[in-house]
Amino acid sequence: MKKLYFTILFFLSTVFLFADFSQEQKAFVSSSIQDKVSILKKQIAILEKDLPLLDMALDFCLTNAAILSDSTHLHDLLFVSLYALPQDNLEPYDSALKKLFFLYNKEEIRVEILNLLTKIAISEAFFTENLYNFLFEEIEKDYSRRSNKSIFASLQYLSSIQDLAFFNKIYPLLSKNIDFELKKNIEEVLALSIENYKSDLLERISTTTAQEKKLILSILGRNPHLNLFFKAEVTENLLRATIISIGDNTGAERESLLKEFYEVQMESVRIIKEAKWTRAASLVAGYFPIAVEQYTAFFMSKDELLEVMDSLTLLATSETGRALSDYLAVLNKKTEKTGLFDEEIMLHLISALAQLGEKTAFDNLLYVILHEGYPDSIISASKEALAKLNW
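Residues numbered from 1 in each chain as written. Predicted model: local features only at pLDDT ≥ 70, side-chain atom pairs only at ≥ 80, totals over all residues. Heavy atoms only, no water.

**Q** Looking at this structure, I do not really get the packing of helix α7 (residues 94-103) against helix α9 (residues 125-140). What am I missing?
**A** Packed helices, taken two at a time, are described by the angle between their axes plus the distance between the axes. In the contact formed by α7 and α9, the axes pass within 12 Å of each other and the chain directions differ by 30 degrees. By the angle between their directions, the pair α7 and α9 is classed as roughly parallel. The handedness of the crossing between α7 and α9 is left-handed. Where α7 abuts α9, its residues K98, F101 and F102 lie against F127, N130, L131 and F134. Across the contact of α7 with α9, the residue classes tally to 5 nonpolar, 1 polar and 1 charged. (Axes fitted to C-alpha atoms, helices over the stretch in contact; angles between N-to-C directions. Helix = DSSP H or I, 4+ residues; strand = E, 2+ residues; numbered from the N terminus. Parallel < 35°, antiparallel > 145°, perpendicular 65-115°, else oblique. Left-handed = near helix turned anticlockwise from the far one by under 90°. Contact = heavy atoms within 4.5 Å. Nonpolar A, V, L, I, M, F, W, Y, C, P; charged D, E, K, R; others polar.)

As structure tokens, this is what we get:
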């Protein structure tokens, strides 16, 4: 009697259990993979989303990946499932998506999964470490076998979770022998999150080569919305590091360093000027004699030298004024010795001193007025500058 009772109870519970499933869900369980795709598409078209059926489809893709991972029909089912996931409620699918990523090696599937995970942006140590390994292995592949789309999607996800190791793991990739498109993608992703890694960035500046310093500037240039003061602080450190590297070197070694760092130094000065970053005024003043050397060695154009003068004028401190006054003294000695001068540079320099009202320039301006070798245009400009000095 008891046995009959339990048999009836089991039968009824089974009936009630299956009664909870819709006809579509029952059909989905018993159908072929192709039919599963059709059933899912039909339900999505009617209801826009059918979460229970979606869950069943994803579970089927997870369960059968090891056996049927190369099946195009299974790929179709997974694609339909991924595209149908509710964009406003993706978090419950985070775990399943992370499992699916490593079960399927089709590029389009992996890219779509990473795009979804980027929207969720939940960090999980095991997945993150394995994704770094996948990324590095992909980058090491020959260009013809590499999936740049998967690489870029991986970079976007790793950036979205703000992984603490992101900058120090990704930045060194730029020094590898990679194609232009991949290099551009890495720079763009780094540029979007670079402000989160300021301490890592500044630490690297002191030890990087000239080429790596150029890479840092390139990264900064990839994000037009980057905070200007952040850029100024970074370029201040770049300028300081290059000045220290040049140091007291002489001869061929110094000339090589002047040439090597010229582009980085010039761009750093431009950004400091744009931001009106007065904190770096003394640094730019200290760089000015180096800029003069670079101009004399033909590494820098005249327009660029005038640009550095303008930066000193805009930053407007006693140190920038003295740097310009000292240069006028140097030019006066050169004129006295050789009789040669560049009128455009002289007029630009004297105008800058007039704008600053730099009183330490008094003797140097007076020398210009009294020297018989200068033309009226330079003498007149010097007289006007003298009248504007701050006393």
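Back to the write-up after that little detour.
**Q** Please explain helix α19 (residues 318-338) as it appears in this structure.
**A** It helps to recall that an α-helix has 3.6 residues per turn; residues three or four apart then point in one direction. Along its 21 residues, α19 runs 30 Å from first to last C-alpha, staying within 8% of the 30 Å computed at 1.5 Å per residue. Among the residues of α19, T320, G321, A323, L324, S325, Y327, L328, L331, N332 and T335 are the ones counted as buried. Next to the buried residues of α19 lie α17 (281-296), α18 (302-315), α20 (343-356) and α21 (362-370). At the exit of α19 stands G339, carrying a positive phi of roughly 80 degrees. (Expected span 1.5 Å × (residues − 1). Buried < 20%, exposed > 50% of the residue type's maximum accessible area, 1.4 Å probe, protein only.)

**Q** When you look at the environment of K36 in this model, what are you seeing that I'm missing?
**A** Here K36 is to be found in helix α3 (residues 33-47). K36 sits 159 residues away from E195 along the chain, and the two C-alpha atoms are 47 Å apart.

**Q** Even after reading the chapter, I still don't get the packing of α18 against α20, so can you show me in this structure?
**A** For the pair α18 and α20, the least separation of the axes is 10 Å and the interaxial angle reads 5 degrees. As far as their axial angle goes, α20 and α18 are roughly parallel. On the side of α18, the interface is formed by K302, L305, L306, M309, D310, L312 and T313, while α20 contributes E344, I345, H348, L349, A352, Q355 and L356. Counted by class, the contact of α18 with α20 contains 8 nonpolar, 3 polar and 3 charged residues.

**Q** Would you explain the nonpolar core in this entry?
**A** Note that soluble globular proteins tend to have their nonpolar side chains buried in a common cluster. Core analysis: the biggest nonpolar cluster contains 75 residues, and L77, L85, L97, F166, I170, I186 and L190 have the highest contact counts within it. Aside from chain neighbours lying at most four places away, what touches I170 is Y132, L135, F136, L155, I186 and L190. Residues A210, V284, L331 and V368 belong to the second largest nonpolar core, which totals 56 residues. (Core = buried A, V, L, I, M, F, W, Y, C linked by side-chain atoms within 4.5 Å.)

**Q** Could you clarify how one ought to interpret a nonpolar patch on the surface in this entry?
**A** Among the surface-exposed residues, F362, L366, L370 and W391 lie close enough to one another that they form a single nonpolar patch of about 470 Å² accessible area. Examined against the element boundaries, W391 turns out to sit in the segment after α22 (376-387). (Patch = residues over 30% accessible without salt bridge, like charges linked within 9 Å, V, L, I, M, F, W, Y side chains within 5 Å. Areas by Shrake-Rupley, 256 points an atom, 1.4 Å probe, with all protein chains shown as cover. Salt bridge = Lys/Arg side-chain N within 4 Å of Asp/Glu carboxyl O.)

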